[in-house]
Amino acid sequence: MILPALFFYLFAGVCVASAFMVIAAKNPVHSVLYLILAFVNASGLFVLMGAEFLAMILIVVYVGAVAVLFLFVVMMLDVDFAELRQGVLQYLPVGVLVGVVFLAELLLVAGAWVIAPGMPQAISAPTPSTMTNTEALGRVLYTQYVYYFQAAGLVLLVAMIGAIVLTLRHNPKAKRQNISDQVARTKETAMEVVQVKSGQGI
Amino acid sequence: MTFAELWTGYLWPLIVIVAESLLLLVLLLVSIAYVLLADRKIWAAVQMRRGPNVVGPFGLLQSFADLLKFVLKANKGVFLLAPLVTCTLALGAWAVIPVNAGWMIADINVGVLYIFAISSLMVYGIIMAGWASNSKYAFLSAVRSAAQMVSYEVSIGFVIICVLLCAGSLKLSVIVAAQDTRFGMFGWYWLPLLPMFVVFYVSALAETNRPPFDLVEAESELVAGFMVEYGSSPYMMFMLGEYVAIATMCAMGTILFLGGWLPPFQVAPFTWVPGVIWFVLKALFMFFLFAMAKAVVPRYRYDQLMRLGWKVFLPLSLAMVVIVAAVLQFGGLAPKG
């Protein structure tokens, strides 16, 4: 039992420290890199809990795709954090208020989790050892919760269409590549062989 | 806890794992040295040049001479972190790759996802290098690579899903075992999933920034791309990470489509050869395909690259996932889970 506990404190400690550094770092790019470190450590915690599928998905989706886009945007925008820090005291009460609301909500969720009637059995129920993590998740997700799962997919689809509609600008003047035209070019239409006499030019 | 318990419980397994990892690392790095040489030799042969032939017989020691040069010719923070990330991640992927039945450091339940996760993290090395170099060319290259690698990861993901549907497991050893049918090499997934094999090969080229998709380091436009500010050891680590990533993709193609360590047919002369030799031969064949693509295909234009990824491969692989799932479900071929 020493080793898992040791790794738990390692992952949890680095996770909290890097989460703090996300808001404390001077450079926004460093903030995003610390955020990535926090994600990776959180996935380490998932592995310790035996949820290896969630751990890998966390890395693939959040670190491999979402955080890349974060980093991308932060690198492109020239944000001066020192300037942003100027009015920090002015906004402090609002920030504290938001923080307190979040903390209260977290406590409520955790409290509901602890006192909910069926919870002790659910927590103490052994994970079926014959079934892998992935299979167990799939069996629940595609049977009991299949409609919620599909609804979540539809919400994401709507968000995706919304993002495309918001950013799509149709500019009739813009020159576009037409691949079929390019492929349809033949030797006759694309090339002209000219015999040039020296000293004359075309 | 007594010392005996500590020894059998933690210390001895730790020693075994460290020894296994070291063995794999040494073998892998020596192979990479020769794969790098093979890359230059194949390219040279196609262009009717000799390639490296000065150091050692036929230039066989060229890679080691390069190593010595890099180490002996030896600034800060994210700039140095970038090559370290690239190199470490690339080597880390090999922890789960089975080179023979039971020959792997860790046979985890989500092996395919682990490799997929690592290859999706590889982009950070390039982005960090491009940003920390503080130079226009390097930064443009990093921006290009982020878009390119994220785009092609999508189609690699769907290719992997097709294979998973057929094999019924995320475990790499089970995926190889599922290809052990009475049809021999024609039962490996390259034939039933031929379109996906092609998509995987092309996407792997794009994912590892190999020619014809090496727009990240297109020297005619970006000097040397994200690596332009690097020299000596950090540059060597980038180079090493890149080639190890290519080797990982070759191993991945071997496991997913070419039956891993399985012999072409389960009959006498083929079964005498150890599985690890078949694995290496198949991975080298995959690498030969990679090297030939570099030699014979001209570089893509960036808009063509994006079009291929999003408008050709994405719909094709999505359709294949649906078709494969339908055939397995209604043809009664689905693996029993």
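Below: a short report on this structure. (Residues numbered from 1 in each chain as written. Chains lettered and ligands numbered in written order. Predicted model: local features only at pLDDT ≥ 70, side-chain atom pairs only at ≥ 80, totals over all residues. Heavy atoms only, no water.)

## Overview of the overall build of chain A
Phase 1 of the analysis: In terms of regular secondary structure, chain A is built from 10 helices and 0 strands.
Phase 2 of the analysis: Counting every position in chain A, which comprises 202 residues, the buried fraction comes to 17%.
Phase 3 of the analysis: Here the analysis covers contacts within chain A between residues at least 6 apart in sequence; of these, 56% occur between residues at least 24 apart.
Phase 4 of the analysis: With an accessible surface of roughly 15900 Å², chain A has 72% of that area assigned to carbon and sulfur atoms. (Helix = DSSP H or I, 4+ residues; strand = E, 2+ residues; numbered from the N terminus. Buried < 20%, exposed > 50% of the residue type's maximum accessible area, 1.4 Å probe, protein only. Contact = heavy atoms within 4.5 Å. Areas by Shrake-Rupley, 256 points an atom, 1.4 Å probe, with all protein chains shown as cover.)

## Describing the overall build of chain B
Phase 1 of the analysis: Each helix and strand counted, chain B has 12 helices and 0 strands in total.
Phase 2 of the analysis: Ordering the α and β elements of chain B from the N terminus gives α-α-α-α-α-α-α-α-α-α-α-α.
Phase 3 of the analysis: Scaling as 2.2 N^0.38, a compact globule of 337 residues should have a C-alpha radius of gyration of about 20 Å, and chain B matches this with 21 Å.
Phase 4 of the analysis: Going through the 337 residues of chain B one by one, you find that 50% of them count as buried.
Phase 5 of the analysis: Of the roughly 15600 Å² of accessible surface on chain B, 73% is carried by carbon and sulfur atoms.
Phase 6 of the analysis: Charge centroids of chain B, computed over 19 positive and 15 negative side chains, lie 7 Å from each other. (Rg over C-alpha atoms; globule rule 2.2 N^0.38 Å. Lys, Arg positive; Asp, Glu negative; His and termini not counted. Charge placed at Lys NZ, Arg CZ, Asp CG, Glu CD.)

## Details of the interface of chain B and chain A
Phase 1 of the analysis: Each partner contributes to the interface: chain B provides 28 residues, whereas chain A provides 30 residues.
Phase 2 of the analysis: Together chain B and chain A conceal approximately 2400 Å² of surface at their shared face, both sides included; 78% is due to carbon and sulfur atoms.
Phase 3 of the analysis: Among the residues of chain B in contact with chain A, B:Tyr10, B:Tyr124 and B:Trp131 are the three that bury the most area, contributing 24% of the side total.
Phase 4 of the analysis: The interface formed by chain B and chain A includes 0 salt bridges.
Phase 5 of the analysis: Between the two partners, chain B and chain A, sit 4 residue pairs in polar contact (both at pLDDT 80 or more).
Phase 6 of the analysis: Elements supplying a minimum of two residues to the side of chain B that touches chain A: α1 (3-46), α4 (111-132), α5 (136-167) and α12 (302-330) of chain B.
Phase 7 of the analysis: A per-element tally of the side of chain B that touches chain A places α4(B) first, with 11 residues.
Phase 8 of the analysis: The class makeup of the residues in the side of chain B that touches chain A is 20 nonpolar, 4 polar and 4 charged. (Buried area = accessible area lost by both parts, 1.4 Å probe. Salt bridge = Lys/Arg side-chain N within 4 Å of Asp/Glu carboxyl O. Polar contact = N/O pair within 3.5 Å; in protein donor to acceptor, adjacent residues only side chain to side chain. Nonpolar A, V, L, I, M, F, W, Y, C, P; charged D, E, K, R; others polar.)

## Quick word on the side chain of A:Ser31
Residues and elements named next belong to chain A.
Phase 1 of the analysis: Within the fold, Ser31 resides in helix α2 (residues 28-48).
Phase 2 of the analysis: A polar contact of 2.8 Å, which involves the side chain of Ser31, links it to the backbone oxygen of Val22.
Phase 3 of the analysis: The contact partners of Ser31, leaving out residues within four places of it in the chain, are Met21, Val22 and Ala25.

## Some details on the packing of α5(B) against α12(B)
All names here are of chain B.
Phase 1 of the analysis: The N-to-C vectors of α5 and α12 enclose an angle of 15 degrees; their axes lie 9 Å apart at closest approach. Here α12 runs roughly parallel to α5, going by the angle between their axes. Of the two possible hands of crossing, α5 and α12 adopt the one that is left-handed.
Phase 2 of the analysis: When its residues are assigned to classes, the contact of α5 with α12 shows 21 nonpolar, 5 polar and 1 charged. (Axes fitted to C-alpha atoms, helices over the stretch in contact; angles between N-to-C directions. Parallel < 35°, antiparallel > 145°, perpendicular 65-115°, else oblique. Left-handed = near helix turned anticlockwise from the far one by under 90°.)

## Details of α1(B)
All names here are of chain B.
Phase 1 of the analysis: Its 44 residues place the ends of α1 61 Å apart at the C-alpha level, agreeing with the 64 Å of an ideal helix rising 1.5 Å per residue.
Phase 2 of the analysis: Among the residues of α1, those classed as buried are Leu28, Ile32, Ala33, Val35, Leu36, Leu37, Asp39, Ile42 and Ala44.
Phase 3 of the analysis: Looking one or two places after α1, you find Met48, whose phi comes out positive at around 55 degrees. (Expected span 1.5 Å × (residues − 1).)

## A look at the pattern of salt bridges
Phase 1 of the analysis: Within the structure shown, the criterion is met by 5 salt bridges over all chains.
Phase 2 of the analysis: As a salt-bridge pair, A:Glu135 and A:Arg139 come within 3.0 Å of each other at their nearest N and O atoms. Taken together, the positions of A:Glu135 and A:Arg139, both in helix α7 (residues 133-141) and 4 residues apart, correspond to about one turn of that helix.
Phase 3 of the analysis: Taking relative accessible area as the criterion, A:Arg139 reaches 42% and is therefore assigned partly exposed.
Phase 4 of the analysis: Residues B:Arg301 and B:Asp303 are paired through a salt bridge, measuring 2.8 Å at the closest nitrogen-oxygen approach.
Phase 5 of the analysis: Each of B:Asp39, B:Arg210 and B:Lys294 takes part in a single network of salt bridges with overlapping partners.

## Here we look at unusual backbone geometry
Residues and elements named next belong to chain B.
Phase 1 of the analysis: A positive phi angle, near 55 degrees, is found at Met48, a position not held by glycine.
Phase 2 of the analysis: With respect to the helices, strands and loops of the structure, Met48 is situated in the loop between α1 and α2 (62-72).
Phase 3 of the analysis: The residue Asn209 is not glycine, and still its phi comes out positive at about 55 degrees.
Phase 4 of the analysis: Structurally, Asn209 is set in the loop between α7 (194-207) and α8 (219-222).
Phase 5 of the analysis: The buried category is assigned to Asn209, whose relative accessible area is 5%.

## Points about the packing of helix α3 (residues 77-92) of chain B against α4(B)
When two helices pack together, you describe them by how their axes are tilted relative to each other and by the distance separating the axes.
Residues and elements named next belong to chain B.
Phase 1 of the analysis: Their axes nearest at 8 Å, the elements α3 and α4 cross at an angle of 160 degrees. Judged on the interaxial angle alone, α4 and α3 are roughly antiparallel. Crossing geometry of α3 relative to α4 is assigned as left-handed. Residue-level inspection shows Val78, Phe79, Leu81, Ala82, Val85, Thr86, Leu89, Ala90 and Gly92 of α3 in contact with α4, the latter providing Tyr114, Ile118, Leu121, Met122, Gly125, Met128, Ala129, Trp131 and Ala132.

## Considering the environment of B:Lys171
Residue and element names in this part refer to chain B.
Phase 1 of the analysis: Its location among the elements puts Lys171 in the loop between α5 and α6 (172-178).
Phase 2 of the analysis: On the basis of relative accessible area, Lys171 is assigned to the partly exposed category, the value being 23%.
Phase 3 of the analysis: Distance in space between the C-alpha atoms of Lys171 and Val110 is 5.6 Å, their sequence separation being 61 residues.
Phase 4 of the analysis: Not counting residues within four places of it along the chain, the set of residues in contact with Lys171 comprises Asp107, Ile108 and Asn109.

## Remarks on a nonpolar patch on the surface
All names here are of chain A.
Phase 1 of the analysis: Judged by side-chain polarity, Ile2, Leu3, Leu6, Phe7, Phe8, Tyr9, Leu10 and Leu48 come together as a nonpolar surface patch covering roughly 770 Å² of accessible area.
Phase 2 of the analysis: Looking at the nonpolar patch element by element, the count peaks at 7 residues for helix α1 (residues 2-24).
Phase 3 of the analysis: As for its placement among the helices and strands, Tyr9 is situated in helix α1.
Phase 4 of the analysis: Judged by relative accessible area, Tyr9 falls into the exposed class, the value being 60%. (Patch = residues over 30% accessible without salt bridge, like charges linked within 9 Å, V, L, I, M, F, W, Y side chains within 5 Å.)

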